[in-house]
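Listed below are the residues making up each chain.
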Amino acid sequence: MYIVDDIKTIAKEAGVIMMTAKAPKIMEKEGHANFCTETDEKIQAFLIDRLQKVLPEAAFLGEEDGQDVFTEKMSEGYCFVLDPIDGTSNFIYSYRPSVVSIALLKAGKPYMAVIYNPFDDMMFSATAGKGAYMNEEKIMSANTPLSDSLAVFGTAPYYSELQERTFEIAKNLLPLCVDLRRSGTAAWDMCCVALGRCNLYFELKIQLWDYAAAALIAKEAGCKITDIEGNELSFRGPTSVLCMGQGVKETPKCFL
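Here the structure is a predicted model, which means the values were calculated and not measured. (Residues numbered from 1 in each chain as written. Predicted model: local features only at pLDDT ≥ 70, side-chain atom pairs only at ≥ 80, totals over all residues. Heavy atoms only, no water.)

1. Side note on the pairing of strand β10 (residues 150–153)
Here comes step 1: The pairing of β10 with strand β11 (residues 179–181) spans three bridges and is parallel. In the strand pairing of β11, Val152 is matched with Arg181.
Here comes step 2: In this fold, the crossover linking β10 to β11 by way of helix α4 (residues 163–173) has right-handed handedness.
Here comes step 3: Two strands pair when backbone bridges link them, and β10 and strand β12 (residues 200–206) are joined in this way by three bridges, in the parallel orientation. Among the inter-strand pairings, Val152 is bridged to a residue of β12, identified as Tyr201. (Pairing = 2+ DSSP bridges. Helix = DSSP H or I, 4+ residues; strand = E, 2+ residues; numbered from the N terminus. Right-handed = clockwise from strand over helix to strand, strands pointing away.)

2. Brief notes about helix α1 (residues 3–20)
Here comes step 1: Taking 1.5 Å per residue, 18 residues should reach 26 Å; α1 reaches 26 Å between its end C-alpha atoms and fits that length.
Here comes step 2: Buried within α1 we find Val4, Ile7, Lys8, Ile10, Ala11, Ala14, Gly15, Ile17 and Met18. Along α1, the residues classed as buried sweep out an arc of 165 degrees about the axis, all on the same side.
Here comes step 3: Looking at the buried positions of α1, the neighbouring elements they touch are α2 (38–54), β4 (78–86), α3 (88–92), β5 (99–106), β6 (109–117) and β7 (122–127). (Expected span 1.5 Å × (residues − 1). Buried < 20%, exposed > 50% of the residue type's maximum accessible area, 1.4 Å probe, protein only. Arc of directions from axis to C-beta. Contact = heavy atoms within 4.5 Å.)

3. Comments concerning the environment of Leu82
Here comes step 1: Along the chain, Leu82 falls in strand β4.
Here comes step 2: Given the relative accessible area of 0%, Leu82 is considered buried.
Here comes step 3: With sequence-adjacent residues up to four places away left out, Leu82 is seen in contact with Gln44, Leu47, Ile48, Leu51, Phe60, Leu61, Gly62, Glu63, Ser101, Ile102 and Trp209.

4. Overview of the packing of aromatic side chains
Here comes step 1: Tallying each qualifying case throughout the model produces eight aromatic pairs.
Here comes step 2: Ring centres of Phe124 and Trp188 lie 6.0 Å apart, and the angle between their planes is 80 degrees; this geometry places the pair in the edge-to-face category. Residue Phe124 is found in strand β7, and its partner Trp188 is found in helix α5 (residues 186–195); the two are separated by 64 residues along the sequence. For the pair shown, Phe124 and Trp188 are each scored as buried.
Here comes step 3: With centroids separated by 6.0 Å and ring planes inclined at 90 degrees, the aromatic side chains of Phe153 and Phe167 adopt a geometry described as edge-to-face. Taken together, the residues Phe153 in strand β10 and Phe167 in helix α4 connect sequence positions 14 residues apart.
Here comes step 4: An aromatic cluster is defined as three or more aromatic residues linked by ring pairs; in this entry it consists of Phe153, Phe167, Phe202 and Phe255.
Here comes step 5: Between Lys106 and the ring centre of Tyr111, over which it is positioned, the NZ or CZ distance is 5.0 Å. (Phe/Tyr/Trp six-rings, centres within 6.5 Å; stacked < 30°, edge-to-face > 60°. Lys NZ or Arg CZ within 6 Å of the ring centre and 35° of its normal.)

5. Things to note about the nonpolar core
Here comes step 1: Core analysis: the biggest nonpolar cluster contains 45 residues, and Val81, Ile115, Phe124, Met190, Tyr201 and Ile217 have the highest contact counts within it.
Here comes step 2: Looking at this core element by element, the count peaks at ten residues for helix α6 (residues 208–220).
Here comes step 3: With residues near it in sequence (within four places) discarded, Phe124 still touches Ala113, Val114, Ile115, Tyr133, Met134, Ile139, Trp188, Cys191, Leu195 and Ile217.
Here comes step 4: If you look at the next biggest cluster of nonpolar residues, it comprises 26 residues, including Phe46, Leu47, Phe60 and Val114. (Core = buried A, V, L, I, M, F, W, Y, C linked by side-chain atoms within 4.5 Å.)

6. Topic: unusual backbone geometry
Leave glycine aside and you will find that most residues have negative phi; peptide bonds, for their part, are mostly trans.
Here comes step 1: Following Arg96, the chain continues into Pro97 via a peptide bond in cis, with omega recorded as -5 degrees.
Here comes step 2: Structurally, the position occupied by Pro97 is in the loop between α3 and β5.
Here comes step 3: Of note, Glu136 is a non-glycine position whose phi angle comes to about 75 degrees, a positive value.
Here comes step 4: Mapped onto the fold, Glu136 is located in the loop between β8 (132–134) and β9 (137–139).
Here comes step 5: You can call Glu136 exposed: its relative accessible area is 59%.
Here comes step 6: A positive phi angle, close to 45 degrees, is found at Ala156, a residue other than glycine.
Here comes step 7: As for its position among the elements, Ala156 is in the loop between β10 and α4.

7. Looking at the side chain of Ser141
Here comes step 1: Here Ser141 is to be found in the loop between β9 and β10.
Here comes step 2: Accessibility expressed as a relative area gives 5% for Ser141, which makes it buried.
Here comes step 3: Once you skip the residues sitting within four places of it in the chain, Ser141 turns out to touch Val193, Ala194, Gly196, Ala221, Gly222, Cys223, Gly245 and Gln246.

8. Remarks on the sheet that holds β12
Here comes step 1: A sheet is described by the order of its strands in space; here five strands give the open sequence β11-β10-β12-β14-β13, paired in mixed fashion. Lying at the two open borders of the sheet, with one neighbouring strand each, are β11 and β13 (224–226). Strand after strand, the sheet turns through a mean of 15 degrees between neighbouring axes, direction not considered.
Here comes step 2: Along the sheet, α5 makes contact with β10, β12, β13 and β14 (239–244), crossing β12 at roughly 155 degrees. (Axes fitted to C-alpha atoms, helices over the stretch in contact; angles between N-to-C directions.)

Purely geometric stuff here, so don't read any function into it on its own.
This is the structure in structure tokens:
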């Protein structure tokens, strides 16, 4: 069995933990409405325990339990980047979706990615240079122009200083597309661009665990993925993200 298949099995088991959780305890972290639940912590501990057995030499970076700082050593060899529940607020309020996100970096670059939406049993996966898949079927982003597509965005809710610029961009983007959507999970939004359900996603600041897996899946599905200024993502920490499907040939003027 290939490593990516092991990771998918583990992600699916983590999804069961998410789906069967009962009224988990909620803790607040730094930033507006930045929550963590005991289920986030439980899933992250489960992922580390299981993934260590798959690749013992790998380092781990995860959103919870103080394991959230990228170190120089993590840019060497293998490093798993984990978001046990991307969309924790959705999870707390029973507002779909929430996903399990697992990236494997190799020498600081995305090598494998698995994102699982347990609510709809949708398993996204990618290995660098080998394409992107959803439930074992190869996927590609849409070839339709932005004017005939939905666009999605994140509000960077933990960073109040970015709200005004976020909604200014959204206001200017709206006339260029069919309509805007907001899901509450960056990883899921990028998977939707990869799948062709929408054709553009942006957010002005997200963390490495939010984008590490989704960026590889989107890239392997033919998307162009950069920061808001058009620079290559660093995969070392927080960044802005702009993800565009194949049909978006030029960066919209609202980002320039």
